[in-house]
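Structural features, examined
Chain by chain, the residues:
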Amino acid sequence: MDKNHLSKLDDVMQEMVDTGFVAGCSILVLKDGEEQYFNAKGYRDIENKIPFTRDTVIRLYSMSKPVTAVAAMILLEEGKLGLHDNVCDIIPAFKDQTYADGYNRIPVKKPMRVKDLLNMTSGLTYNGILNTTEAMLCGLVDEGINRIGSDNEMSTMEFAERIAEIPLLFSPGEGYNYSFSADVLGAVIEKVSGMRLSDFMKERIFKPLGMNETDFYVPADRQNRLSKVYEQTENGLKEYNYNNLIINLKADHAPAFESGGAGLMTTLDDYAKFATMLQKGGTANGVRILGEKTVKFMTEASMEEQTLDMYHKKMGNDGYEYCNLIQIMKDPSKAIAISSKGEYGWDGWLGPYFINDPVNKVTMLVGMQLTNAGTTPYTRKLKNVVFSSI
């Protein structure tokens, strides 16, 4: 890679901070697992002028999903879980599900499968106001948020069993909708493994890879490194303090609800160990997490034809498809940033982002904590600099 060209990332990040787009951000670029570039700009705490540093702890939100997918693939390799296993056979609360047609409930045509949870074809959704299902979910999510910090927090399994009672948007397998699917998959992993989701991830992923900074909360000795969260307002950036999606923003204690879709906290260096493991075919630090063919199975999948258009209309990520809780580039000619065929990764609600390019063995990770960010226009500018340096 052209390291002189990578230095242009400094200017893009400085612009992000100077324009008030973000409080602070960082980027890490690897090739063949070796660092090519790192820098950070701005603040993780504007009020106290604490800089956004390499060891800043960030909330991953949806960038937790690829980790949950790997946990499921481990059970797949061991023959304990199958893609076509019915969720209701694992968690009985999912028996006799219905989907909504206006105010009517219609029995599902076929049961929800593990594959549907991995590919967002489950019929589940997130909470909102667009339809009856989203509105009903608001009550469940609000209850979960109100119980944070109590002696009766909502657990991963309780959440899954309660969401099973709410009608789906459509019969499983007949549509695409970004949703709480990964959270239900977390409960499936708990039931199949006989372990809490956090314990399974620690034993099978985090400890073997040396990911000592990754968990569903931030211990007291690391709290001073946890970035504050900011939102854009008419008066500039403002600190945000709402526990979105039942995630305790303070992250100051181990939660009962371990969200497979949004709950992990980490540093860029820690997540880089996970990304490198995938980049190297399932192995890193001399340990194997997944088989090479399993990694290819996970990262080279394709969407079913009837769900592809729905994905593009909802997510707007032209050229990509969404499978196994990651997006996978299938047609770079349709992309809106320089891309390689076969690249894969995902982002998060607060703007963290990772992508692996298996052709050029390049990994790119971005850290920030801005509400409603996802993959931002600036993230794409950063990606253009990285990919044009190859």
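Below is a short write-up of the structure. (Residues numbered from 1 in each chain as written. Predicted model: local features only at pLDDT ≥ 70, side-chain atom pairs only at ≥ 80, totals over all residues. Heavy atoms only, no water.)

**A look at helix H3 (residues 65–77)**
Given a rise of 1.5 Å per residue, 13 residues ought to cover 18 Å, and the 18 Å separating the end C-alpha atoms of H3 matches this to within 8%. For H3, the buried fraction is high: 11 of the 13 residues fall into the buried class. Inspection of H3 places Lys-65, Pro-66, Val-67, Thr-68, Ala-69, Val-70, Ala-71, Ala-72, Met-73, Ile-74 and Leu-75 among the buried residues, and these make up the whole buried set. (Helix = DSSP H or I, 4+ residues; strand = E, 2+ residues; numbered from the N terminus. Expected span 1.5 Å × (residues − 1). Buried < 20%, exposed > 50% of the residue type's maximum accessible area, 1.4 Å probe, protein only.)

**Here's the deal with the side chain of Arg-147**
Tracing the backbone through its elements, the reader meets Arg-147 in the loop between helix H6 (132–146) and helix H7 (156–163). Using a relative accessible area of 12% as the deciding quantity, one classes Arg-147 as buried.

**A closer look at the packing of H3 against helix H8 (residues 181–193)**
Direction vectors running N to C along H3 and H8 enclose 30°, while the axes themselves pass 10 Å from each other. Classified by the interaxial angle, the pair formed by H3 and H8 is roughly parallel. For the pair H3 and H8, the crossing hand works out as left-handed. Here H3 contributes Lys-65, Thr-68, Ala-71, Ala-72 and Leu-75 to the contact with H8, which in turn contributes Ala-182, Leu-185, Gly-186, Ile-189, Val-192 and Ser-193. Taken together, the residues of the contact of H3 with H8 break down into 7 nonpolar, 3 polar and 1 charged. (Axes fitted to C-alpha atoms, helices over the stretch in contact; angles between N-to-C directions. Parallel < 35°, antiparallel > 145°, perpendicular 65-115°, else oblique. Left-handed = near helix turned anticlockwise from the far one by under 90°. Contact = heavy atoms within 4.5 Å. Nonpolar A, V, L, I, M, F, W, Y, C, P; charged D, E, K, R; others polar.)

**What about the environment of Arg-147?**
In this structure, the C-alpha to C-alpha distance between Arg-147 and Ile-246, residues 99 residues apart in sequence, is 9.0 Å. Sequence-distant contacts of Arg-147, defined by excluding residues within four places in its chain, comprise Asn-152, Glu-153, Met-154, Glu-158 and Arg-162. At 2.7 Å, the side chain of Arg-147 and the backbone oxygen of Asn-152 are in polar contact. In terms of polar contacts, Arg-147 uses its side chain to reach the side chain of Glu-158, at 2.9 Å. (Polar contact = N/O pair within 3.5 Å; in protein donor to acceptor, adjacent residues only side chain to side chain.)

**Some words on the pairing of strand S13 (residues 326–329)**
Burial along S13 is two-sided: Ile-326 and Ile-328 facing one way and Gln-327 and Met-329 facing the other are all buried. Counted along the chain from strand S12 (residues 320–323) to the antiparallel partner S13, the turn is 2 residues long, and its residue Asn-324 has a positive phi close to 55°. Here 2 bridges tie S13 to strand S14 (residues 344–347), and the two strands are oriented antiparallel to one another. Residue pairing for S14: Ile-328 is matched across the bridge by Tyr-344. (Pairing = 2+ DSSP bridges.)

**Let's talk about the environment of Asn-177**
Relative to the assigned elements, Asn-177 resides in the loop between H7 and H8. Sequence separation between Asn-177 and Ile-338 is 161 residues, and the spatial gap between their C-alpha atoms is 26 Å. If near-sequence neighbours (up to four positions away) are discounted, Asn-177 is found in contact with Met-120, Leu-124, Thr-125, Leu-169, Phe-170 and Lys-314. A distance of 3.1 Å separates the side chain of Asn-177 from the backbone oxygen of Leu-124, its partner in a polar contact.

**What to know about the packing of H3 against helix H11 (residues 292–299)**
Two quantities define a packed helix pair, namely the angle between the axes and the distance from one axis to the other. Where H3 contacts H11, the axes come no closer than 11 Å and their chain directions differ by 130°. Overall, the two elements H3 and H11 adopt an arrangement that is oblique. Remark: the crossing between H3 and H11 carries right-handed chirality. On the side of H3, the interface is formed by Pro-66, Ala-69, Val-70, Met-73, Leu-76 and Glu-77, while H11 contributes Thr-294, Phe-297 and Met-298. Of the residues in the contact of H3 with H11, the class split is 7 nonpolar, 1 polar and 1 charged.

**Comments concerning the pairing of strand S2 (residues 34–45)**
When a strand is regular, its side chains alternate between the sheet's two faces. Both strand S1 (residues 24–31) and S2 contribute to a ladder of 8 bridges, which runs antiparallel. Bridging from a neighbouring strand, Gly-24 pairs with Gly-42 of S2. Turn length for the S1-S2 hairpin, with the two strands adjacent in sequence and antiparallel, is 2 residues, and the turn residue Asp-32 shows positive phi of about 55°. Pairing of S2 with strand S3 (residues 50–51) involves 2 bridges; the strand directions are antiparallel. Bridge pairing in S3 places Asp-45 opposite Ile-50. Here S2 hands over to S3 after 4 residues, with Lys-49 in that stretch at a positive phi of 55°.

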